Amino acid sequence: MSEVVLETKDLSMVFPDGTQALKNVTLTIKKGELVSIIGPSGAGKSTFMRSLNMLNKPTDGQIVFEGENVLKARGKQLRQIRRRIGMVFQHFNLIKRSPTYQNVLHGRLGYMPSLKGGLGRFSEEDTRQALEILRRVGLEDQAFKRADELSGGQQQRVGIARAIAQTPSLLLADEPIASLDPSSSENVMTYLKNVCQEDGLTSIVNLHQVDFAKKFAHRIIGIKAGEVVFDGSPKELTEGITNHLYYSK
Amino acid sequence: MRPYIDKKNKMTQQIYLGLFIIFFIFSLLQVGILDERIFQAFSRVENLLKGMVPPAISEPIDVAGAAVESLQVAVMGTLWGVVFSIVLAMFAAKNVSPHISISYAVKAFAAFVRAVPALIWALLFIVAIGLGPTPGILALAVNSIGMLMKVYAEAIEEIDTGIIDALKATGASQFQVVMQGIIPSIMSIFISWSIFRFDINIRYAAVLGVVGAGGIGWELVRASRVMAYDEVLGITLVIFGMILLAELVTRFLKDRADMATLKAME
Amino acid sequence: MSSLAKQIDTPVEENKVPDMYKDLQRRKKVILKNRLVLWAIIAALVTWAWTGTNFSIAFIYTGTANMAAFIFTDLLPPDFSAFGRYLQPALQTVYMSLVGMVISVIFSIFFGFMAAKNTSFHPAIAFTSRAIIAFLRAIPALIWGITLVVAFGLGPLAGTLALGLSGIGILGKAFADVLEEIDQGQVDAVKATGASWFQTMGQGVWPQFKTGFVAWSLYKMDLNIREAAVLGLIGAGGIGYTLQGNINLFQYQQASVGILMIFALILIVEYTTAKIRERLL
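Here the structure is a predicted model, which is why all the values come from computation and not from measurement.

A. Broad picture of the overall build of chain B. Scanning chain B from terminus to terminus reveals 11 helices and zero strands. If you list the helices and strands of chain B from N to C, you get α-α-α-α-α-α-α-α-α-α-α. Relative to the globule expectation of 18 Å for 266 residues, the C-alpha radius of gyration of chain B, 25 Å, shows a markedly less compact shape. For chain B, the spread of C-alpha atoms along the principal axes amounts to about 75 × 70 × 45 Å. The buried share of chain B, reckoned over its 266 residues, is 48%. Partitioning the intrachain contacts of chain B with sequence separation of at least 6 by distance along the chain shows that 71% fall at a separation of at least 24. Just so you have it, chain B exposes about 12900 Å², and 70% of that area is on carbon and sulfur atoms.

Pasting the structure below:
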């Protein structure tokens, strides 16, 4: 439990228009942790998460993922880092017109030669693996349907399946339940947590619902205006801190 | 204040309506709709119909050959229109264009090409490269580019950036993002617009002969010049059949493709 | 939670997963086979057309090069002294488009109402109207123009009628489709008050029909100006006639004024209809 998976040092990001999205974020995430980042919208949760796999580029600081300097990585090296970080999105971001199993197989693209992956020549082993993952998230009956025929909750489970197909060591989930109704939210969070525990995954989940965070996470980080203002166990998160996070100026 | 404004709006509307009616009546006079010929319309149309029925085709082989040529011109015009539109759309769509100024330049080119009718293009190509099916093919291709490039570029511009992020996050290469993410997302829009354009091109191909660019249109002009009314109707029916046939074939192919996909996804 | 736990507890059914893979292979084969057939048909069509028209890739290059040479050496610079000669035909093109549009709108309202299942008097009338509309639509305006020139002689009258006729094919279908999609509840509500057929149409149908009516009619105007510009090529009036005269006489620098005017006409009409659309909708 003590091995460090991810470390950020003085991570800062200033948008071209001058907005400071992140201010000196220094965090250490250990193996097997289920971390939830909470905070009001616009606090920088998404920006932080998207920085970790370089979907946006921080202006200053350092990210070390399994001993590799993420911000220095380019081209092939960056792709090899990305394939070890699974990501789940608020709007699922599935290829709507492709079948479900194909969307799961996309998780293998980072492990394939560019041409072979581009042409969709997935190996039998990968395909079997993808179908097995779909079974794990309870979607074996939907495997051949087009992704946009699935309900929101099911689509998000496909999103989780795609991330798991990467056999990642870190799973990022950016507001995974913000576009779902309460019962699907519960369901998706359960699958997410189970999958992480079974595979011993480290995961970081952005949430704006504090109750969900308290229920699912081992550790909660509160971000406000781009700065870390709370870092502790769910028990330590008192109502006073929540109010400070969400309501005070 | 309010009733006054309403009254004023109503006044302006009535003025516009009045101007429109005056302009319309003026136009009526200008196009000669009140010409004595229109009052003889019944006898003229009666004469025409008498001459037309029964429809006839004096040289069936020539007419069939011309109809086939029209279809071939439509196929080739659509093929090259689609090919060039796909390439140019990559430069026209803001999110994939190498530079924003290139995007504007290509879009302005498309707007210009679109605003000149296909038949005028055919006329110009005939002068530039001579008679035959080739000027017709090129005219249809150019005219198709004007329309298809615009809709293709719009389809590319409307791609959800989320899917690009999602594939990038799996460690996919640029080529893989395009092949596995972008193309599957825009393919169906591309296909339906291309089919729609093919239907348009068949209609154009049928009339290109009017200016000498090959095909069945020329047969029709020839028949009308010698006042062979029965042949005019005969060839018109052939054109009608040709257009219908082509539409049925494209619809059949599209349905077949959709059915197979449905069967594989149920 | 519980369902997943159960799945983990029970041993994985050995035969289930391999079955799915085989199923997937079978489905992939269906799609692949279908795609191959489609591509084969398309390839056959292209080969047929390619050889039939004696096409060669080189034509694309020579065509573009010759066109560029033609534009830069013959068409340019435009000889604007021809402007006066083009003005009258250009205006005539506008008159033709407008009258053609009004003709097709009037007849299309009639045919549209007759063709729409919910406003027609009888299914047989609806079917007949649909058939007439389909026939009118299938034949391009220029073909109508050729026939009508035979009947009414050269000049804008034939062109105007051709625009009107082919317009019924487009607008008649559009109007009928719009009418079929209106909310019957509102119409029934008006009917229930004891309104006559005309009152029902005016109070129940028209408010729902108006938007589609205006949009399609203006779209027809946009189409008409393009068609009218080329109807002159067959002697049915308008700017195309003068243009062809110039081209036949090799007066290309004057012809380019004609092309520019067609270009301008189309843009002006499209701009105007866009403004009217904005105002009315």
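So, next bit.
B. Region of the structure containing the sheet that holds strand S5 (residues 68–69) of chain A. Residue and element names in this part refer to chain A. With respect to topology, four strands assemble into an open sheet ordered S2-S1-S4-S5, the strand pairing being antiparallel. In this open sheet, the two edge strands, each paired with only one partner strand, are strand S2 (20–30) and S5. This element, helix H1 (residues 45–52), spans strand S1 (4–14), S2 and strand S4 (60–65) of the sheet and lies at about 120° to S1.

C. Inspection of the packing of aromatic side chains at higher detail. Residue and element names in this part refer to chain C. Per the stated rule, a full pass over the model turns up 26 aromatic pairs over all chains. Ring centres 5.7 Å apart and planes at 85° place the aromatic pair Phe55 and Phe59 in the edge-to-face group. For Phe55, a relative accessible area of 6% corresponds to the buried category.

D. A look at the nonpolar core. One finds B:Trp121, B:Leu124, B:Ile216 and C:Leu243 to be the most contacted residues of the largest nonpolar core, which totals 129 residues. Per-element tally for this core: the top contributor is helix H4 (residues 83–115) of chain C, with 15 residues. Apart from residues lying up to four places away in sequence, C:Leu243 is in contact with B:Ile120, B:Leu123, C:Tyr86, C:Ala255, C:Gly258, C:Ile259 and C:Ile262. Membership of the second largest hydrophobic core comes to 75 residues, among which are A:Val137, A:Val158, A:Ile160 and A:Val188.

E. Just empty space enclosed by the protein, in detail. Residues and elements named next belong to chain A. Taken as a whole, this structure holds one cavity of 30 Å³ or more when the rule is applied. Taken as a whole, the largest cavity spans an internal volume of roughly 30 Å³. Taken together, Leu34, Met189, Leu192, Lys193, Cys196, Ser203, Val205 and Phe216 form the lining of the largest cavity. Elements represented by at least two residues in the lining of the largest cavity include exactly helix H7 (182–199) and strand S8 (202–207). The biggest single contributor to the lining of the largest cavity is H7, with four residues. Looking at the lining of the largest cavity, its residues break down into six nonpolar, one polar and one charged.

F. Seen up close, the sheet that holds strand S9 (residues 219–224) of chain A. All names here are of chain A. Spatially, the six strands line up as an open sheet ordered S6-S7-S8-S3-S9-S10, and their pairing is mixed. The two strands at the open ends of the sheet, each matched to only one other strand, are strand S6 (85–88) and strand S10 (227–232). Here the strands of the sheet are splayed against their neighbours by 20° on average, with no regard to which way each runs. Relative to S8, strand S3 (residues 34–38) is paired through five bridges, and the arrangement is parallel. Its bridge partner being in S8, Val35 is matched across the sheet by Ile204. Contacts from helix H6 (residues 152–165) reach S6 and strand S7 (170–174), with the element oriented near 170° to S6.

G. Inspection of the UniProt feature "domain: ABC transporter" (unreviewed entry) in chain A at higher detail. UniProt records the feature "domain: ABC transporter" (unreviewed entry) at residues 6–248 of chain A, using the numbering of this structure. Along residues 6–248 of chain A one finds 36% helix and 25% strand; the C-alpha atoms at either end are 31 Å apart.

H. Up close: the layout of surface pockets. Quantified by volume, the second largest pocket comes out at close to 1900 Å³. Secondary structure elements with two or more residues in the lining of the second largest pocket: helix H6 (118–129), helix H7 (133–157), helix H9 (174–208) and helix H11 (229–265) of chain B together with helix H5 (123–138), helix H6 (141–152), helix H7 (156–180) and helix H9 (197–231) of chain C. Ranked by the residues each element gives to the lining of the second largest pocket, the list is headed by H9(B), at nine residues. For the lining of the second largest pocket, a count of residues per class yields 30 nonpolar, three polar and 16 charged.

I. Just the UniProt feature "transmembrane region" (unreviewed entry) in chain B, in detail. Residue and element names in this part refer to chain B. In this structure's numbering, the residues bearing the UniProt feature "transmembrane region" (unreviewed entry) are residues 15–34, 73–93, 105–131, 177–196, 202–221 and 233–253. Across residues 73–93, helical content stands at 95% and strand content at 0%; the span's end C-alpha atoms are separated by 29 Å. A distance of 28 Å separates the end C-alpha atoms of residues 177–196, which is 100% helix and 0% strand.

J. Structural view of the pattern of salt bridges. Tallied over the full model, the rule gives 28 salt bridges over all chains. With a closest N to O distance of 2.5 Å, B:Glu247 and B:Arg203 form a salt bridge. Separated by 44 residues along the polypeptide, B:Glu247 in helix H11 and B:Arg203 in helix H9 bring together distant segments of the chain. On the accessibility criterion, B:Glu247 (17% relative accessible area) is buried. The exposure class assigned to B:Arg203 is partly exposed, which follows from its relative accessible area of 21%. B:Glu231 is the partner of B:Arg222 in a salt bridge, and the nearest nitrogen-oxygen pair spans 3.4 Å. By sharing partners, the salt bridges in this structure join C:Arg130, C:Lys173, C:Asp177 and C:Glu180 into a single network.

K. Main features of the UniProt feature "domain: ABC transmembrane type-1" (unreviewed entry) in chain B. The positions UniProt marks with the feature "domain: ABC transmembrane type-1" (unreviewed entry) are residues 67–250 of chain B. The distance separating the terminal C-alpha atoms of residues 67–250 of chain B is 17 Å; by composition the span is 84% helix and 0% strand.

L. Representation of the interface of chain B and chain C within the structure. Each partner contributes to the interface: chain B provides 69 residues, whereas chain C provides 64 residues. For the pair chain B and chain C, the summed buried area comes to about 6100 Å², and 81% of that belongs to carbon and sulfur atoms. Summed over the shared surface of chain B and chain C, the number is three residue pairs in polar contact (both at pLDDT 80 or more). Ranked by residue count, the leading element in the side of chain B that touches chain C is H11(B), at 14 residues.

M. Structural detail: the domain arrangement of chain B. Each assigned domain of chain B is listed with its residue range as follows: domain 1 (2–52) and domain 2 (60–265). Taking only C-alpha atoms, the centre of domain 1 of chain B and the centre of domain 2 of chain B are 36 Å apart.

N. Quick peek at the packing of H4(C) against H9(C). All names here are of chain C. At a minimum axis distance of 8 Å, the contact between H4 and H9 shows a crossing angle of 145°. The two elements H4 and H9 meet at a crossing, and its hand is right-handed. Contact residues: H4 offers Thr93, Val94, Met96, Ser97, Leu98, Gly100, Met101, Ser104, Val105, Ile109 and Phe113, while H9 offers Met201, Val205, Phe209, Phe213, Ser217, Lys220, Met221, Asn224, Ile225, Ala228, Ala229 and Leu231.

How each quantity is defined
The residue count restarts for each chain, going from 1 along the sequence in the order it is written. For this description, chains carry letters from A and ligands carry numbers from 1, given in the order in which they are written. Where local features are concerned, this predicted model is filtered to residues with pLDDT of at least 70; where side-chain atom pairs are given and counted, the filter is 80 or more; whole-chain, interface and lining totals use all residues. Only hydrogens and water are set aside when side-chain values are computed; all heavy atoms of the structure are taken into account. The secondary structure listing takes helices from DSSP runs of H or I that are at least 4 residues long and strands from runs of E that are at least 2 residues long, numbered from the N terminus. To get the radius of gyration, use the C-alpha atoms; to get the globule rule, take the number of residues to the power 0.38 and multiply by 2.2 Å. For every residue, the accessible area (1.4 Å probe, protein chains only) is compared with the maximum for its type, and the residue is labelled buried under 20%, exposed over 50%, or partly exposed between those bounds. Contacts were defined at the residue level, with two residues in contact if any of their heavy atoms lie within 4.5 Å. Working definition of accessibility: Shrake-Rupley area with a 1.4 Å probe, residue cover restricted to the visible protein chains. Two strands qualify as a pair provided DSSP detects at least 2 bridges between them. Helix axes are fitted only over the stretch in contact, all axes being lines through C-alpha atoms; the angle between N-to-C directions runs from 0 to 180 degrees. Here a pair means two rings of Phe, Tyr or Trp (six-membered ring of Trp) with centres within 6.5 Å. Their orientation is stacked below 30 degrees between planes, edge-to-face above 60, and tilted elsewhere. In this text, buried Ala, Val, Leu, Ile, Met, Phe, Trp, Tyr and Cys residues form a nonpolar core when linked through side-chain atoms within 4.5 Å. The definitions used throughout rest on a 1 Å grid laid over the protein atoms alone, on which a cavity is an enclosed set of points accommodating a 1.4 Å probe that cannot get out and a pocket is an open set flanked by protein within 12 Å on both sides along at least five of seven lines; lining residues are those having an atom within 4 Å of a point. Grid points are joined across faces, edges and corners, and a volume is the space filled by probe spheres set on the points. In this classification, the charged set is Asp, Glu, Lys and Arg, the nonpolar set is Ala, Val, Leu, Ile, Met, Phe, Trp, Tyr, Cys and Pro, and all remaining amino acids, among them Gly, are polar. UniProt positions are given in the numbering used here, feature names are shortened, and annotations may be inferred rather than shown by experiment. Only one rule defines a salt bridge in this text: a Lys or Arg side-chain nitrogen within 4 Å of an Asp or Glu carboxyl oxygen. When two parts are put together, the accessible area they lose, computed with a 1.4 Å probe and summed over both, is reported as buried area. Whenever two N or O atoms come within 3.5 Å, that pair is a polar contact, provided that in protein one can donate a hydrogen and the other can accept it, and provided that, for residues adjacent in sequence, both atoms are side-chain atoms. By convention here, the domain bounds are inherited from an automatic or database domain assignment. Take the far helix as your reference; a near helix turned counterclockwise from it by less than a right angle gives a left-handed crossing, and one turned clockwise gives a right-handed crossing.

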